[in-house]
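Descriptive structure summary
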Amino acid sequence: MLNKFYRILLFLLFCPILVYSQIEVTGVVIDTDTGEPLPAATVVIENTLKGTVANVDGRFSISVSELPVTLRITYIGYERSVKTVQDGSNRDMIIRLSPSVTELAELLVTERDPGLSIMERVIERKKLWRTDLYSYRADAYTRQILQNDTSIVSITESSSDLYWSKEKGHREVQKSARQTSNISADQNFAGVRYLPNFYDDNIEIAGYNLVGITHPDALSYYHFSLLEVLQMDGVPVYKIEVKPRRKLQPTFEGVAYVLGRDYALIDVDLKPNDVVNFPPPVQDFDLSYKQQFSSFGTNFWLPVDMRIEGRIRIGMVGLQFPAIQFRQLSRISDYRVNVSISDSLYQDQTTFVQADSLASVEFTESEIPLTESERQAYATIDSTKTIEEAFRPEGFLARMVEDRDDRERSGLLARFGDWIPKGVGIRGRYNRVEGVHLGLKYRERISDVGLDLRFFSGYSFNSKDWDYGAGAEQRIVSFGRRVLTAEFSYQNSTDTQYSSAIYTTGMNSAVTLLGGDDYFNYYRNETVSAGLKLNNVINRVDLEVSGNHEVHRSFESGNEIDFKLFNWVNHRRENPGIDEGILRSLTVRMGYNLQDQNFGFAGSRKIELAAEISRPQIGSDFNYSSIRMSLDWNFETFYKRRLFANTLDVHLSGGFVESSAPTQKLGAVDGSLSRFTPFSVLKTRPYLPYVGNRYGVFALEHNFRTVPFELLGLNYFADKGWGIILFGGTGFAELSSSSSINFMESDGMHIETGISLNSIFGVARLDFAKRLDSPGYFIGFSVPRYF
């Protein structure tokens, strides 16, 4: 409390003195012949590393500690001006710059475009001075403006200390901030730590990794052409056209200005090429960057500013958002080069520290002057003019969402939601044995003691069986990232005779009800289980051990229900019986990244090993062991600089179950669920899995994304985000002895290959598969591979 009081007291005492000690020098930079303003003209205090840039109206503002002060004002294609401000009487200045006379004396014309030779020298010079640049600290100012098609929606501003280390990267500490009234202070993230430096070798833009125009290999990625020669301060300035050489790689296009003699970048006006885009529902994405550099009289060429303009339009049939327009203007000055930077700034991964409430009271940093429209925005935007309202979508889907929200707030759904206690949910499924199953489930988390409780109950109307059960999970101890948990459960319910790594009973219920074949076989299982789980044994590796007591019994045969909405299959197969008895077992499961469950939307990196042992010595009617493993891994292959590189996905799984094991404990290799064919299943194995004591599957697919359409010039499909995937797979399952499920054993190795049309309208994937070991083909669909 006392510390806070002293902070406030010191702020009240010294803040006025600090503000008073700074003298603000303002002015406007114009063309001496036409009187037109020169936007982004550079203003630097002579013999210092401190400066600023003019706004779009040519106006600038810079704070100085004392007078007189000498300012150097430069603009490409103009003679520089040096002005000395003696006292307050001439602080609001009009700076007139005269166009330079172009000279070509330094330019040697050869058969090779001079632009290539000039950029080669820029790259070589950069290697020399970048070697000696280890760190810097600078003052930064940023203004971000968000607007729609009609007006400014919000403004955020901040001043900050910027830190950069060659080894550790950027950190930024916000000193003061202000924003329009519809933005809260904790939502003001205006800053420069993530802005590109166009002198870098590699530049991150919207998730893409672009080759910089001064990269050592830039000449392999770009065409550089000399457009014209300008002049500044009597030194030639080369205007270089930048064009991508590789059309499928994310690169820049635009112009760069190189200062002769020093062969240094002094200005760039670039935008990402067409490869930098996003799939639907993004309809339009456009970004442009302008950045200036200065040596400030040193050997190092450092960023002076950053000017960004962006536009994004999002929409789909029935839902259209207004265009989102974004502008950012940043100024970086007062560099202190090769200084020590405190290690405390890099103790965590946070790159941006916001100003606390005390520093945000007064925005005292010298600003780039506001334009008239920006001043009006500050004066007229209040807290009622929200971002959501400014970008409210249009279309029939938008109206449906609004109508639904209104109904949910005031209608039957709202009242029904009030009747259902928190934690209660609905259980439901449908299959040929149970028919319709309906029930309730309840979950209660008591976070204070680390306890998670679960209960469920339901009734199957065809088999006339009740499901019921309860479970508890108790956190025992946590040490670091490791968490040890005890688990206990009891349930008496219907179980599947073989498990699927892909399909759930809920998915199967939908297929069965619509008219497809029922994918599973069923039996009744009364289970008591207790175990321990240790998360993060090592990084992302979990270990689970449990003991199980199960009582298995068959359903009565011949009572299968054949109701379906559509007659996709003529007759549903009989549910086979199982080997009944008491099963007691010990199971061990260990894996890496086991929580990575994305169902084929994205690549996965996951490994799992599991084993089970059942013996008469522990009271079991069965005597067997089993082991299974699975591996999923995703590799980036081509075009790694893109936001979404081409990828190769590999799946390998299999296992062994002793011949003495009961039928309901055999392993399975997934086939298609009706016409649904996600990755890692055998697509040309229709409607059922393969089941056996020995089983395995190897599947891979390569996602070329939109590249094939881009190569063929089919830009319509590329712009829509459609892609091509090539896939293949092989699998088998063998039974050790004759069984009631012999028809589910594979006849040797099942081999297939095919092609997929991915991300059709952004919502589906169409698979065309051909079986190679025997006649057969299959057309199916699945979820699109997005990532």
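Before reading on, note that the structure itself is shown above.
Because the structure is a prediction, the values reported are computed rather than measured.

As for its placement among the helices and strands, Phe 787 is situated in the segment after β40 (777-782). Between the alpha carbons of Phe 787 and Asn 703 there is a distance of 9.5 Å; along the sequence they are 84 residues apart. Beyond its immediate chain neighbours, meaning those up to four positions away, Phe 787 contacts Phe 601, Ala 602, Gly 603, Phe 644 and Arg 705.

With mixed pairing, the 3 strands of this open sheet are ordered in space as β4-β1-β7. At either end of the open sheet lies a strand with only one pairing partner, and these are β4 (59-64) and β7 (92-97). Averaged over all adjacent pairs, the angle separating strand axes in this sheet is 30°, with direction ignored. Two elements, strand β1 (residues 23-31) and β4, share 6 bridges in a ladder whose sense is antiparallel. By the bridge assignment for β4, Thr 26 is matched with Ser 61.

Structurally, Gln 328 can be placed in strand β21 (residues 324-337). The sequence separation of Gln 328 and Met 306 amounts to 22 residues, and the corresponding C-alpha distance is 7.5 Å. The contact partners of Gln 328, leaving out residues within four places of it in the chain, are Thr 142, Arg 143, Gln 144, Gly 191, Tyr 194, Leu 195, Met 306, Arg 307 and Ile 308. Here Gly 191 takes part through its backbone oxygen, which lies 3.2 Å from a polar atom of the side chain of Gln 328.

This next bit is on the nonpolar core. Side chains that are nonpolar tend, in soluble globular proteins, to be buried together. Ranked by internal contacts, the top residues of the largest apolar core, which has 67 residues, are Phe 198, Ile 213, Tyr 222, Phe 224, Val 258 and Leu 265. When sequence neighbours within four positions are dropped, the list of residues in contact with Phe 224 reads Asp 113, Gly 115, Leu 116, Met 119, Ile 213, Ala 218, Leu 219, Ile 240, Glu 241 and Val 242.

With 18 residues, helix α2 (residues 114-131) ought to run about 26 Å at 1.5 Å a step, and its terminal C-alpha atoms sit 26 Å apart, in line with that. For α2, the complete set of buried residues consists of Pro 114, Gly 115, Leu 116, Ile 118, Met 119, Val 122, Ile 123, Lys 126, Trp 129 and Arg 130. Residue Asp 113 occupies the N-cap position of α2, its side-chain oxygen lying 2.7 Å from the main-chain nitrogen of Gly 115.

What follows concerns helix α8 (residues 505-514). Every buried residue of α8 is listed here: Asn 508, Ser 509, Val 511 and Thr 512. Against the buried residues of α8 lie β23 (424-431) and β28 (522-538). Backbone geometry just after α8 places Gly 515 at a positive phi near 135°.

A word on unusual backbone geometry. Residue Pro 68 follows Leu 67 across a cis peptide bond; omega there is 5°. Unusually for a residue other than glycine, Ala 40 sits at a positive phi of about 65°. Note on placement: Ala 40 falls in the loop between β1 and β2 (42-45). Ala 40 gets classed as buried once you look at its relative accessible area, which sits at 6%. We note that Arg 705 has phi near 55°; this positive angle belongs to a residue other than glycine. Topologically, Arg 705 is positioned in strand β36 (residues 694-705). Assessed through its relative accessible area of 12%, Arg 705 is described here as buried.

Summed over the entire model, instances satisfying the criterion amount to 46 salt bridges. Of the charged contacts, one joins Arg 327 and Glu 374 as a salt bridge, the two residues approaching to 3.7 Å between their closest N and O atoms. With Arg 327 in strand β21 and Glu 374 in helix α4 (residues 372-380), the pair connects residues that are 47 residues apart, well separated along the chain. Arg 327 gets classed as partly exposed once you look at its relative accessible area, which sits at 26%. Of the charged contacts, one joins Asp 773 and Arg 771 as a salt bridge, the two residues approaching to 2.8 Å between their closest N and O atoms. When salt bridges that share partners are traced, they join Arg 137, Asp 139, Asp 161, Lys 175, Asp 334 and Arg 336 into one network.

Taken in spatial order, the 4 strands make up an open sheet running β3-β2-β5-β6, and their pairing is antiparallel. Whereas interior strands pair on both sides, the edge strands pair on one side only; in this sheet they are β3 (51-53) and β6 (81-85). Adjacent strand axes in the sheet meet at a mean angle of 20° when their direction is disregarded. Taken together, the 3 bridges between β2 and β3 define a ladder with antiparallel strand orientation. Along β3, the bridge assignment pairs Val 43 with Thr 52.

This paragraph deals with the packing of aromatic side chains. In this structure the tally under the stated criterion is 26 aromatic pairs. Ring geometry for Tyr 136 against Tyr 335: centres 5.2 Å apart, planes inclined by 80°, an arrangement best described as edge-to-face. Of the two residues, Tyr 136 sits in strand β8 (residues 135-147) while Tyr 335 sits in strand β21, which places them 199 residues apart along the sequence. Judged by relative accessible area, Tyr 136 falls into the buried class, the value being 5%. We classify Tyr 335 as buried; its relative accessible area is 4%. When the ring of Tyr 716 is compared with that of Phe 717, the centres are 5.4 Å apart and the planes differ by 85°; the resulting orientation is edge-to-face. Judged by its relative accessible area of 53%, Tyr 716 falls in the exposed class. An aromatic cluster is present here, built from Tyr 498, Tyr 503, Tyr 519, Phe 520, Phe 676 and Phe 781 joined pairwise through their rings. Lying across the ring of Tyr 639, Arg 642 places its NZ or CZ 5.4 Å from the centre.

What counts, and where the lines are drawn
- Position numbers for residues start from 1 in each chain and track the written sequence from start to end.
- Side-chain atom pairs in this predicted model are given and counted only at pLDDT of 80 or more, local residue features only at pLDDT of at least 70, and totals for whole chains, interfaces and linings cover all residues.
- Remark: hydrogens and water are excluded; side-chain values derive from all non-hydrogen atoms of the structure.
- Numbering of helices and strands runs from the N terminus; a helix is a DSSP stretch of H or I covering at least four residues, while a strand is a stretch of E covering at least two.
- For this analysis, residues touch if any pair of their heavy atoms sits within 4.5 Å.
- Between any two strands, pairing holds if DSSP finds at least two bridges.
- Orientation is described by axes fitted as lines to C-alpha atoms, over the contacting stretch for helices, and by angles from 0 to 180 degrees between their N-to-C directions.
- Polar contacts, as used here, are pairs of N or O atoms within 3.5 Å; protein pairs need one atom able to donate a hydrogen and one able to accept it. Residues neighboring in sequence count only if both atoms are side-chain atoms.
- Definition used in this section: a nonpolar core is a set of buried Ala, Val, Leu, Ile, Met, Phe, Trp, Tyr and Cys residues joined via side-chain atoms within 4.5 Å.
- A simple rule labels every residue: compare its accessible area, found with a 1.4 Å probe on the protein chains alone, to the largest value its type can have, and call it buried under 20%, exposed over 50%, or partly exposed in between.
- For a helix, the expected span equals 1.5 Å multiplied by the number of residues minus one.
- Salt bridges are identified by distance alone: a Lys or Arg side-chain nitrogen within 4 Å of an Asp or Glu carboxyl oxygen.
- Working definition: a ring pair exists when centres of Phe, Tyr or Trp rings (six-membered ring for Trp) sit within 6.5 Å. Plane angles under 30 degrees give stacked, over 60 give edge-to-face, the rest tilted.
- The criterion is that NZ of a Lys, or CZ of an Arg, lies within 6 Å of the ring centre and within 35 degrees of the ring normal, and then a charge sits over that ring.

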